[in-house]
Amino acid sequence: MATLSLALAVLVVSAGSALAQLSVLQSVLQYYRSAVSIPPGATPDTDVFLKEYDFVVVGAGSGGCVVTNRLTEVPEWSVLLLEAGKEEILLTDIPILVSYILATDYNWGYKTQPQRGMCMSMEKNRCNWHRGKGMGGTSIVNYMVYTRGSKKDFDNWEKLGNRGWSYDDVLPYFKKSENIAVPVLKNSEYHGTGGYLNVDRAHWGTPLGKIFIEALKEKGYPLKDSNNPNPIGVYPVLSTTMNGARLSASKAFIRPIRSRRNLYVGKQARVTKILIDSRTNRTFGVEFVKNRKTYVVRARKEVILSAGSLNSPQLLMLSGVGPRDHLDELKIPVIKDSRVGYNLQDHVSMAGLAFQVNDTVTIVESRYQSPQYFFDYLLNGNGPYTMPGGAEAVAFTRTKYNQESDQPDMELVMGPGSFMGDTGGSLRQSFNIRLDVFNRIYGSRMGQDGFGIVPILLQPKSRGRVKLKSNNPFHWPLLYPNYFSDQRDVDVLVEGLKQAVEIGESSPFQRYRARLVRNPIPGCEAHTFASDQYWACAVRHFTTNLHHQVGTCKMGPASDPDAVVDPRLRVYGVSGLRVVDASIMPVIPTGHTNAIIFMIGEKAADMIKQDWLNNKRRRSYG
């Protein structure tokens with residue numbers, strides 16, 4: 001943040017008079033907007049609300065933005081999109097600044113509840129769970145990595161009774177959203193062109209990305225697109241960026257259509273309840289608060305809940321759809337007894353590995369505080385500020401516990417920076433790491449060059465839960481990840497850590513004399529460093545995640561007692577209500593979830609059109 005302020009100050013002061021300074025600033029911002037193809041101005045905010053719309057969409061995240069875009073393609077349908085947060089700003093566009101954005105009100109600021117055996121190195125034993133609050137949802141605070149998972153992920157969804165969700169069914173929707181900007185992938189049968197969502201490679205890199213790829217190839221992993229049906233292999237990061245800038249869901253899907261007369265957007269509008277007729281179980285609208293005033297709007301056709309894996313179950317339960325015993329305890333009238341909030345899954349990781357090198361080839365924050373790097377980003381869409389959250393390459397691998405040759409159980413993300421380069425402290429704070437723990441591991445090496453490899457558990461067996469704190473909609477939900485409640489998750493992540501260390505200290509990296517920082521994690525000193533017992537202790541202390549929470553409004557057939565929505569995403573037991581976000585995933589895929597939510601939004605929009613347009617045609621012929 002200080003870097004940006006300094007860069008703009010240098011630019012404006014050099015312009016001379018106040019009028020000249022303003023002119024230069026406006027010119028630079030206009031140049032920037034043109035460079036990244038952002039239409040001038042934000043999406044208009046609806047100040048006076050109609051009494052009734054055809055569809056009300058709750059949440060302007062990846063699912064909500066896509067479904068809003070596609071439903072407003074039908075000119076006779078009116079669509080209201082409600083978002084609790086505000087419009088994005090210049091700072092949210094800059095990929096490398098994600099850890100700073102997480103400290104602002106663009107993040108809901110959720111933390112997990114203290115539980116045994118997890119997050120033990122974090123303040124008060126609570127992990128941060130970052131969720132975006134603004135136009136674009138979590139796509140304005142995520143790390144922008146674009147991967148979809150494997151063919152087997154979606155074929156498994158269908159085997160669980162979700163007809164229409166096989167890989168062959170969903171691939172067209174991935175491609176429909178996408179505009180692949182990587183030349184060698186434009187003719188791929190797995191990628192699309194001409195969609196709203198630009199997918200690109202980083203515009204800047206270090207030598208370490210190529211070395212990481214070389215090291216994985218030496219271990220037998222092929223260089224291949226991570227969005228193939230079988231993603232096992234290694235590839236440079238693909239990201240949801242355009243000309244070096246973050247491309248959020250709102251910029252991709254809402255701003256280009258802001259002139260549609262049937263689109264209404266209410267920002268800083270906090271939905272507090274879904275309105276359901278208790279006699280008929282028919283959804284008829286929503287209640288929300290904006291500028292301290294309470295509004296009620298009606299939905300002629302449907303309410304579409306796209307508030308995300310934490311807020312969608314919260315709103316359902318506040319509205320009477322949820323576990324009877326929990327709602328009774330909070331004196332919330334039960335409309336439908338349902339397993340809302342259960343089945344919570346996440347890609348837990350361990351981001352504490354740091355490999356020191358003997359050259360200035362990595363990202364050290366203090367090194368990049370010169371205004372020249374900001375100008376390179378602002379004027380050319382280039383330089384280190386374009387790195388998607390600091391990730392340079394990804395590998396999907398198999399551990400010894402994996403018996404499937406075409407399904408990874410581990411992901412390794414290589415970043416050309418480490419906690420040693422976190423001289424401003426934003427990265428430490430984003431993970432909620434205790435300062436005493438951080439200093440004992442990295443303090444003596446602060447400002448030195450190093451890179452990180454983060455192992456990510458792709459097929460967790462542990463399941464958590466979202467609960468309500470009270471019947472007050474302004475109280476945060478209670479988040480119980482239950483990380484490592486199944487010992488198999490510890491065992492697999494330990495193997496991932498061993499893979500990461502083996503790669504980080506492999507012969508290709510020795511051209512920079514890479515070596516793992518071996519200061520033990522406080523609390524794990526009793527174990528021999530790098531032994532299985534040590535790593536098992538480390539994952540319970542240094543517990544991290546990637547914003548991939550899913551599953552809390554599980555999709556499943558009517559025969560599944562845990563299912564909250566059917567395969568057409570309609571809420572069981574309630575009419576006129578669908579859920580369109582990551583919460584519907586029955587099993588977490590082996591990919592970064594943002595790409596998958598875009599697909600869910602595309603498919604949901606088609607199903608909604610089929611239901612309502614086909615019904616209209618049947619009535620007209622009836």
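Further up the page is the structure itself.
Everything numeric in this text was worked out from a predicted model, so none of it was measured.

J.: Before we go on, may I ask you to explain the overall build of the protein in this structure?
T.: Counting its secondary structure elements, the protein contains 17 helices and 24 strands. The C-alpha atoms of the protein give a radius of gyration of 24 Å, which matches the 25 Å a tight globule of 622 residues would have. Seen through its principal axes, the protein has C-alpha atoms that stretch 75 × 65 × 50 Å. Per-residue burial over the protein gives 63% buried out of 622 residues. Here the contacts in the protein between residues at least 6 apart in sequence split such that 72% fall between residues at least 24 apart.

J.: Quick question: what am I supposed to make of the nonpolar core here?
T.: Note that soluble globular proteins tend to have their nonpolar side chains buried in a common cluster. Among the nonpolar cores identified, the biggest contains 162 residues, and Phe212, Leu316 and Leu569 are the most heavily contacted of them. Ranked by residues supplied to this core, first place goes to helix α17 (residues 593-621) with 12 residues. For leucine 569, the residues in contact, after removing those within four places along its chain, are Trp165, Met555, Leu577, Arg578, Val579, Val580, Ile584, Ile600, Ala604 and Met607. Judged by nonpolar contacts, the second largest core, of 9 residues, contains Val237, Phe396, Val413 and Leu546.

J.: Looking at this structure, I do not really get the pattern of salt bridges. What am I missing?
T.: Oppositely charged side chains are able to pair whenever their charged atoms sit close together. Enumeration over the complete set of coordinates arrives at 36 salt bridges. For the salt bridge of lysine 609 with glutamate 73, the shortest nitrogen-to-oxygen distance reads 2.6 Å. A residue pair is termed long-range when its members are at least 10 positions apart, and lysine 609 in helix α17 and glutamate 73 in the loop between α3 (62-71) and β2 (79-82) qualify at 536 residues. With relative accessibility at 14%, the residue lysine 609 sits in the buried group. A residue is classified by how much of its surface remains accessible, and glutamate 73, at 35% relative accessible area, is partly exposed. When the shortest N-O distance is used, the salt bridge between glutamate 178 and arginine 148 registers 2.7 Å.

J.: When you look at the sheet that holds strand β5 (residues 178-180) in this model, what are you seeing that I'm missing?
T.: Sheets are built from strands that pair by backbone hydrogen bonding, the pairs being arranged parallel or antiparallel. Ordered by their spatial adjacency, 3 strands build an open sheet running β5-β6-β8, and the pairing between neighbours is mixed. The outermost strands of the open sheet, each flanked by one partner alone, are β5 and β8 (238-239). Bridging between β5 and strand β6 (residues 197-201) involves 3 bridges; their strand directions are parallel. Residue pairing for β6: glutamate 178 is matched across the bridge by leucine 197. Lying over the sheet, helix α7 (residues 167-177) contacts β5 and β6, oriented at roughly 65° with respect to β5.

J.: Mind showing me how you'd approach the state of the cysteines here?
T.: Two cysteines joined by a covalent bond between their sulfur atoms form a disulfide. Per the counting criterion, the structure on display carries 2 disulfides. One disulfide bridge connects cysteine 524 with cysteine 537, the sulfur atoms lying 2.1 Å from each other. The chirality of the disulfide connecting cysteine 524 with cysteine 537 is left-handed, given an S-S dihedral of about -85°. Note that cysteine 524 is positioned in the loop between β23 (515-516) and α16 (532-541) and cysteine 537 in helix α16, a separation of 13 residues in sequence.

J.: Help me out: how do you make sense of the packing of aromatic side chains in this one?
T.: For any pair of aromatic rings, geometry is given as the distance between the ring centres together with the angle between the planes. Applying the stated criterion to the full structure yields 29 aromatic pairs. For the pair tyrosine 377 and tyrosine 385, a centre-to-centre distance of 6.5 Å together with 45° between the ring planes defines the contact as tilted. Tyrosine 385 carries the same exposure label as tyrosine 377, and that label is buried. For the ring pair phenylalanine 419 and tyrosine 442, a centre distance of 5.3 Å and an interplane angle of 35° mean the geometry is tilted. Of this pair, phenylalanine 419 sits in the loop between β19 (410-415) and α13 (426-431) while tyrosine 442 sits in helix α14 (residues 435-442), and the two are 23 residues apart along the sequence.

J.: Sorry if this is basic, but what is going on with unusual backbone geometry here?
T.: Comment: phi is negative for the bulk of residues other than glycine, and the bulk of peptide bonds are trans. Phi at asparagine 281 takes a positive value of approximately 60°, unusual for a residue other than glycine. Take asparagine 281: it is sitting in the loop between β12 (270-277) and β13 (282-290). On the basis of relative accessibility, which here comes to 18%, the residue asparagine 281 falls in the buried class. Its identity is not glycine, yet asparagine 343 carries a phi of approximately 65°, on the positive side. With respect to the helices and strands, the residue asparagine 343 is situated in the loop between β16 (336-337) and β17 (355-356).

J.: Explanation requested: the side chain of threonine 362 in the structure shown.
T.: In this structure, threonine 362 sits in the loop between β17 and α12 (371-380). Separated by 2.6 Å, the side chains of threonine 362 and aspartate 449 make a polar contact. A polar atom in the side chain of threonine 362 sits 3.2 Å from the backbone nitrogen of glycine 450. Beyond its immediate stretch of four places on either side in the chain, threonine 362 contacts Leu208, Val357, Arg367, Tyr368, Pro416, Asp449, Gly450 and Phe451.

J.: Would you mind showing me how to read a negative patch on the surface here?
T.: A contiguous patch of negative charge, built from Asp325, Asp328, Glu329 and Asp337, is present on the exposed surface. Considering every element that reaches the negative patch, the biggest residue donor is helix α11 (residues 324-329), with 3 residues.

J.: What am I meant to see in the sheet that holds β17 here?
T.: Taken together, 6 strands build an open sheet; the order of strands is β7-β18-β19-β20-β17-β23 and the sheet is antiparallel. Where the open sheet ends on each side, the last strands, each with one partner, are β7 (233-236) and β23. Where β19 and strand β20 (residues 450-457) come together, 6 bridges link them in antiparallel fashion. Bridge pairing in β20 places leucine 412 opposite proline 455.

J.: Help me understand the environment of glutamine 115 in this model?
T.: The residue glutamine 115 is located in the loop between β3 (110-111) and β4 (128-129) in this model. In this structure glutamine 115 comes out as buried when scored by relative accessible area, which is 19%. Sequence separation between glutamine 115 and asparagine 482 is 367 residues, and the spatial gap between their C-alpha atoms is 7.2 Å. Those residues in contact with glutamine 115 that sit more than four places away from it in its chain are Asn125, Tyr480, Pro481 and Asn482. Here the side chain of glutamine 115 touches asparagine 482 through a polar contact of 2.4 Å, side chain to side chain.

J.: Would you mind showing me how to read the side chain of histidine 326 here?
T.: Its place among the elements puts histidine 326 in helix α11. Within the local environment of histidine 326, its side chain forms a polar contact with the backbone nitrogen of leucine 468, the two atoms lying 2.9 Å apart. The residues touching histidine 326, leaving out its near neighbours within four places in the chain, are Met317, Arg465, Lys467 and Leu468.

J.: Please clarify how the packing of helix α6 (residues 151-159) against α7 should be interpreted in this entry.
T.: Helix-helix packing: each pair is described by the crossing angle between the helix axes and the interaxial distance. One can describe the packing of α6 onto α7 by two numbers: an axis separation of 8 Å at closest approach and a directional angle of 120°. The angle between α6 and α7 falls in the class oblique. Between α6 and α7, the residues in contact are Lys151, Phe154, Asp155 and Glu158 and Tyr167, Asp169, Val170 and Phe174, respectively. Among the residues making up the contact of α6 with α7, the classes are represented as 4 nonpolar, no polar and 4 charged.

Cut-offs applied
- Residues numbered from 1 in each chain as written.
- Predicted model: local features only at pLDDT ≥ 70, side-chain atom pairs only at ≥ 80, totals over all residues.
- Heavy atoms only, no water.
- Helix = DSSP H or I, 4+ residues; strand = E, 2+ residues; numbered from the N terminus.
- Rg over C-alpha atoms; globule rule 2.2 N^0.38 Å.
- Buried < 20%, exposed > 50% of the residue type's maximum accessible area, 1.4 Å probe, protein only.
- Contact = heavy atoms within 4.5 Å.
- Core = buried A, V, L, I, M, F, W, Y, C linked by side-chain atoms within 4.5 Å.
- Salt bridge = Lys/Arg side-chain N within 4 Å of Asp/Glu carboxyl O.
- Pairing = 2+ DSSP bridges.
- Axes fitted to C-alpha atoms, helices over the stretch in contact; angles between N-to-C directions.
- Disulfide = S-S within 2.5 Å.
- Phe/Tyr/Trp six-rings, centres within 6.5 Å; stacked < 30°, edge-to-face > 60°.
- Polar contact = N/O pair within 3.5 Å; in protein donor to acceptor, adjacent residues only side chain to side chain.
- Patch = residues over 30% accessible without salt bridge, like charges linked within 9 Å, V, L, I, M, F, W, Y side chains within 5 Å.
- Areas by Shrake-Rupley, 256 points an atom, 1.4 Å probe, with all protein chains shown as cover.
- Lys, Arg positive; Asp, Glu negative; His and termini not counted.
- Charge placed at Lys NZ, Arg CZ, Asp CG, Glu CD.
- Parallel < 35°, antiparallel > 145°, perpendicular 65-115°, else oblique.
- Nonpolar A, V, L, I, M, F, W, Y, C, P; charged D, E, K, R; others polar.

So yeah, pure geometry; function would need other evidence.
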